[in-house]
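Results of the structural survey
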Amino acid sequence: MDVVLHQVLAGLATGGIYASLALALVMIYQATHLVNFAQGEIAMFTTYIAWSLVNAGVPYWPAFGITVAVAFALGILIERVVIRPVENAPVLAVVVVFIALLVILNSVAGWIYTYTIKSFPSPFPKEPLFGIRYMSPHELGAIGVTLLVLAALYAFFRFTPLGLAMRAAAQNPQSSRLVGIRVGWMLALGWGLAAAVGAVAGMMVAPIVYLDPNMMGGILLYAFAAALVGGIDSPMGAVIGGFAVGVLENLLGAFVIGNELKLTVALALIIGVLLVRPSGFFGKVHVTRV
Amino acid sequence: MKRNVLLIAILLIIACALPFVVSNYRTFQLTLVMVYATALLGLNILTGYNGQISLGHGAFYALGAYCAAILMDQAGAPYWATVPVAAAVCLVAGFLFGLPALRLEGLYLALATFALGVAMPQLLKYDHLAKWTGGVQGIVIAKPEAPFGLPLNADQWLYFFTLAITVAMFVLAWNLLRGRIGRALVAIRDQHIAAEAMGIDSALYKSAAFGVSAMYTGVAGALSAIAIQYVAPDSFNIFVSIVFLVGIVVGGLASISGALYGALFIQFVPNLADEISKAAPWAIFGVFMIGFVYLMPTGVAGAIRLLLAKRRSSP
Amino acid sequence: MKAKLATLAAMAALAASPAHGQKKYDPGASDSEIKVGNTNPYSGPASAYGTIGKTIAAYFKMVNEQGGINGRKVNFITYDDGYSPPKTVEMARKLVEQDQVLFLFQTLGTPPNTAIHKYMNMRKVPQMHVATGATKWDDPKNFPWTMGWQPNYQTEAKIYAQYIMKEKPNAKIGVLYQNDDYGKDYLKGLKDGLGAKAKSMIVAEVSYEVADPTVDSQIVQLQASGADVFFNVTTPKFAAQAIRKAYDIGWKPMHFLNNVSTSVATVLTPAGLEKSVGLISTAYIKDPTDKQWANDAAIEKWRVFMKKYYPDGSLTDNSNVYGYTVAITLHQVLRQCGDNLTRENVMKQAASMKDFPIDTLLPGVTIRTGGGDFAPIESVQLMRFDGKQWERFGKVLVSGG
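First, a word on what this report is: a plain description of the structure on this page. (Residues numbered from 1 in each chain as written. Chains lettered and ligands numbered in written order. Predicted model: local features only at pLDDT ≥ 70, side-chain atom pairs only at ≥ 80, totals over all residues. Heavy atoms only, no water.)

Relative orientation of the contacting elements helix 4 (residues 91-113) of chain A and helix 13 (residues 281-295) of chain B amounts to 155°, with a least axis distance of 8 Å. Comparing the axis directions of helix 4 of chain A and helix 13 of chain B gives the class roughly antiparallel. In this structure, helix 4 of chain A crosses over helix 13 of chain B, and the sense of that crossing is left-handed. Contacts between helix 4 of chain A and helix 13 of chain B involve Ala-93, Val-96, Val-97, Ile-99, Ala-100, Val-103, Ile-104, Ser-107 and Val-108 of chain A on the former and, on the latter, Trp-282, Ala-283, Gly-286, Val-287, Met-289, Ile-290, Val-293 and Tyr-294 of chain B. A breakdown of the residues in the contact of helix 4 of chain A with helix 13 of chain B according to their chemical character gives 15 nonpolar, two polar and no charged. (Axes fitted to C-alpha atoms, helices over the stretch in contact; angles between N-to-C directions. Helix = DSSP H or I, 4+ residues; strand = E, 2+ residues; numbered from the N terminus. Parallel < 35°, antiparallel > 145°, perpendicular 65-115°, else oblique. Left-handed = near helix turned anticlockwise from the far one by under 90°. Contact = heavy atoms within 4.5 Å. Nonpolar A, V, L, I, M, F, W, Y, C, P; charged D, E, K, R; others polar.)

This is how it looks when you write it as structure tokens:
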């Protein structure tokens, strides 16, 4: 039984990683109704910016803050310059642009920073907390940060007028314009926020998996699975989905199917959820009018 | 119409003459161009004509390649027999994948196929399948020689073999797409509810499109295995699927000639990008992708069509 | 009489002078240059290794500036294959058939090299010093045109097996391995080394994919299996994770780390130096980040080379010492060829290196081939990490080939 518990704890730790990136994915979806394939690479790129700052001598929390701000600006910039032209284009064009962003960011990061792995500092203490050895203090801290971000996002969308405006702009752009919402800027803001959430995710993940340009590649698929399981338009669902995927993957890998089919599990999850319950466990069911 | 036939005839004549004029290495590269053209035609049928986005076609390419390799390696089958088998297997596999895909739209289908593309290499490495797939070591295949003592070297023979199959596949596609089936596919893509209302069995067409599309890409995979003489899981990662997507976007969606332009692009541009900058070849690929989407959304084929139309309409 | 003496003297003079006049060239060699071909993953998932190709290019730039080899410049032509075998086939054909290189050197990766193995031997073009530790490259009977360079993985694993059987004969061994040819080669070596006892001694074999975010779950599995010996076959990123996680969960096995991931700066420091105490591995080359070589003359010379010819290259990445050392090996092979630059002679010279020393190799390790032995480096030494540096112990072990 002990063994199962250990795997569950390890799964929660990895799940925390998936949850944080899944939050960024949900964020983008809520603002634009788009599934952003490049979200992982944007997060990775902004983490490198943080690394450069820390490497230049900037202390951790100021570097963290600057990075989040830069990420926010970068997100807005990408939306205005790269996404705006294909706003009304068919879905395929949008997908192509996302994939292009993915490969460009990955390549440029590799070119500037090389592919050797780098350490990224953790702001959390090094000694095991509460005697829990199966999750490091950083992993616990990262989960804490993710929950904080979740709470902040929830409050933002639920209780602030700006959050309401963003949700309206994504759901019904035409009507929103009629009530005076600047839809264009809402989209840009959504991208900015998603990039900022992604930067936080990257900075929480890097100390665990080490920083290299391909850092988010493996995580992206599991984050998608997590976001879908939880509901692509529900931040809380994304976080719960992340933990669920992490634990499930560990338990299946350790006790049922072996470690060689984990990606296939993610594939099965994604397809399964999309077929059986596309809105996930916590998302809203959409009805399209003919 | 007549002009098109003439152009195609000239193209075919040039294609037949090339292996005798250029080096073996170039002949090999041109064989690969034809392989990619067939694969891209497959993806175009599904994504260009029928609007179902697939980011995982590399999986069907891999399936076809491994079919050919396993048959040649384990069953001692002759290389030419592996192509129809790969076609059949991928047709069925594509159709089966197409069934659940019916319920997925746009971005969600892209996501599901993306997952398929990412998971494929791991499946190919799976230990319990290793005695057939060769596992991580892959399978080495012998190169076919020209039959009946024809005065062709192996590269040239392979070129003509691939050319024959490619031409056949293109003709088949042209027949399929120019008639009712093609129109039905496009109708489903553009106005699927109206199409259903008009009596088109959307489910059947969409699944069939998936199957046929997979079949084309699977045939391409089999041909590629024979040309490269080696299959391994590392050859079939997610980037293969992404490259195919680039190919149809640049070549031209919903266009048969687009498959050829796209194939030329994906075969020769990385080599050019290598000359510009060793460090960021994929970045250049990405920039091209975005450039085409913004500036030439109908791809090279569309641009050519526009040019020709302008010339015809001007006095 | 005088004429006869003169003729005799002339003949004697001719016989005594070395056959310098005899220049023999295969495609790729000429009076002024030697064309060397290479493929490396400069893009894609394995691009971390692309720095090796860059180091080699920098080395030959230096050689050319210093006058070349026997008066000829080395034209090092390298292409990106993205670690994708089909691309490797295409690039190798380009190098051999279009660029007409004399031979291929340090092509990287087991699948890429497997893809061109038959082609190179059929074409009788040397596939020299391939950059992989797989065991299959030392097979001159079947593949006389292919040769490896670094100590192969199975040999290394067998050394660990022998150590375990001597020091801990009742060990319960847990293995973590990357699910590809590299990982499986090591695993096979361990099993072969343990022989009949392999089945009973190995209690857990757990794999991971390069695409996995962490190996934490696998480490937990290994601890749960009750293993008290850990054979860690992981690449740097995952090695660091594995070392750290094992320590954090309080699992303290006898820990063997594969040679690929022993860098102090890139692996042990991110993992935590205090968490790496007791690690056992083997070495054949000097780690530029290990304190004991901080002021070593050879490493200093390497640093000077890097700063001048490859300033973008990392001084903490031991791949760059690897690239430098293997380039020196080729330099010697070509020097030995003299004016006989045929492909056959290149292979012959590469296959008859008599204990050629390179100062960045560990003391006692040399380049040695000959008598049908196509494995240039077979000597390694065991070492243990004490928290600050790797302490070598025991003799330099030479495997039987």
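At the interface, 41 residues of chain A touch 38 residues of chain B. Taken together, the two surfaces of chain A and chain B that pack against each other cover about 3,600 Å², and 83% of this comes from carbon and sulfur. Of all residues in chain A, Leu-92, Glu-260 and Leu-275 of chain A bury the most surface against chain B, accounting for 17% of the area lost on that side. Applying the counting rule to chain A against chain B returns zero salt bridges. Across the chain A-chain B interface, the total number found is seven residue pairs in polar contact (both at pLDDT 80 or more). Within the residue set of the side of chain A that touches chain B, elements represented by two or more residues are helix 3 (60-83), helix 4, helix 9 (215-230) and helix 11 (262-276) of chain A. Among the elements that make up the side of chain A that touches chain B, the one with the highest residue count is helix 4 of chain A (13 residues). (Buried area = accessible area lost by both parts, 1.4 Å probe. Salt bridge = Lys/Arg side-chain N within 4 Å of Asp/Glu carboxyl O. Polar contact = N/O pair within 3.5 Å; in protein donor to acceptor, adjacent residues only side chain to side chain.)

Here we come to the interface of chain A and chain C. The interface is formed by 32 residues belonging to chain A together with 34 residues belonging to chain C. Between chain A and chain C the total buried area reaches about 2,600 Å² when both faces are included, carbon and sulfur atoms providing 51% of it. Ranking the residues of chain A by area buried against chain C places Tyr-115, Tyr-210 and Asn-259 of chain A at the top, with a combined share of 22%. Here chain A and chain C share two salt bridges between them. Put simply, Lys-237 of chain C and Asp-212 of chain A hold a salt bridge, and the shortest N to O gap is 3.9 Å. The interface formed by chain A and chain C includes six residue pairs in polar contact (both at pLDDT 80 or more). When residues of the side of chain A that touches chain C are traced back to their parent elements, those giving at least two are helix 1 (2-32), helix 8 (183-209), helix 9, helix 10 (235-256) and helix 11 of chain A.

This paragraph deals with the sheet that holds strand 5 (residues 127-128) of chain C. Residue and element names in this part refer to chain C. Read across the sheet, four strands follow the order 3-2-4-5 without closing on themselves; strand pairing throughout is parallel. At either margin of the open sheet sits one strand with a lone partner, and together these are strand 3 (73-80) and strand 5. Pairing geometry for strand 2 (residues 33-40) and strand 3, over eight bridges, is parallel. Its bridge partner being in strand 3, Asn-40 is matched across the sheet by Asp-80. Relative to strand 3, helix 2 (residues 50-65) is tilted by about 165°, and along the sheet it contacts strand 2, strand 3 and strand 4 (103-105). (Pairing = 2+ DSSP bridges.)

Applying the stated criterion to the full structure yields 22 salt bridges over all chains. A salt bridge links Lys-286 of chain C to Asp-296 of chain C; the shortest N-O distance between them is 3.1 Å. On the criterion of sequence distance, the pair formed by Lys-286 of chain C in the loop between strand 10 (280-283) and helix 11 (297-309) and Asp-296 of chain C in the loop between strand 10 and helix 11 is long-range, its members being 10 residues apart. Relative accessible area serves as the criterion here: at 6%, Lys-286 of chain C is assigned to the buried category. Members of the salt-bridge network, linked through shared partners, are Lys-143 and Asp-155 of chain B together with Arg-93, Glu-97 and Arg-123 of chain C. (Buried < 20%, exposed > 50% of the residue type's maximum accessible area, 1.4 Å probe, protein only.)

Let us look at the packing of helix 3 (residues 85-98) of chain C against helix 4 (residues 110-123) of chain C. Two quantities define a packed helix pair, namely the angle between the helix axes and the distance between the axes. All names here are of chain C. Running from N to C, helix 3 and helix 4 point in directions that differ by 35°, and their axes come no closer than 8 Å. As for how helix 3 packs across helix 4, the hand of that crossing is right-handed. Between helix 3, through Pro-85, Thr-88, Val-89, Ala-92, Arg-93, Val-96 and Glu-97, and helix 4, the contact on the second element is made entirely by Pro-111, Pro-112, Ala-115, Ile-116, Tyr-119, Met-120 and Arg-123. Its residues assigned to classes, the contact of helix 3 with helix 4 comprises 10 nonpolar, one polar and three charged.

Once that is clear, we can look at helix 4 (residues 79-101) of chain B. The end-to-end C-alpha distance of helix 4 of chain B is 32 Å, a good match for the 33 Å that 23 residues give at a rise of 1.5 Å each. For helix 4 of chain B, the full list of buried residues reads Tyr-79, Thr-82, Val-83, Ala-86, Ala-87, Cys-90, Gly-94, Phe-97, Gly-98 and Ala-101 of chain B. As for helix 4 of chain B, its buried residues are in contact with helix 11 of chain A together with helix 3 (58-74), helix 5 (106-125), helix 7 (154-178) and helix 10 (202-228) of chain B. (Expected span 1.5 Å × (residues − 1).)

By themselves these figures say nothing about function.
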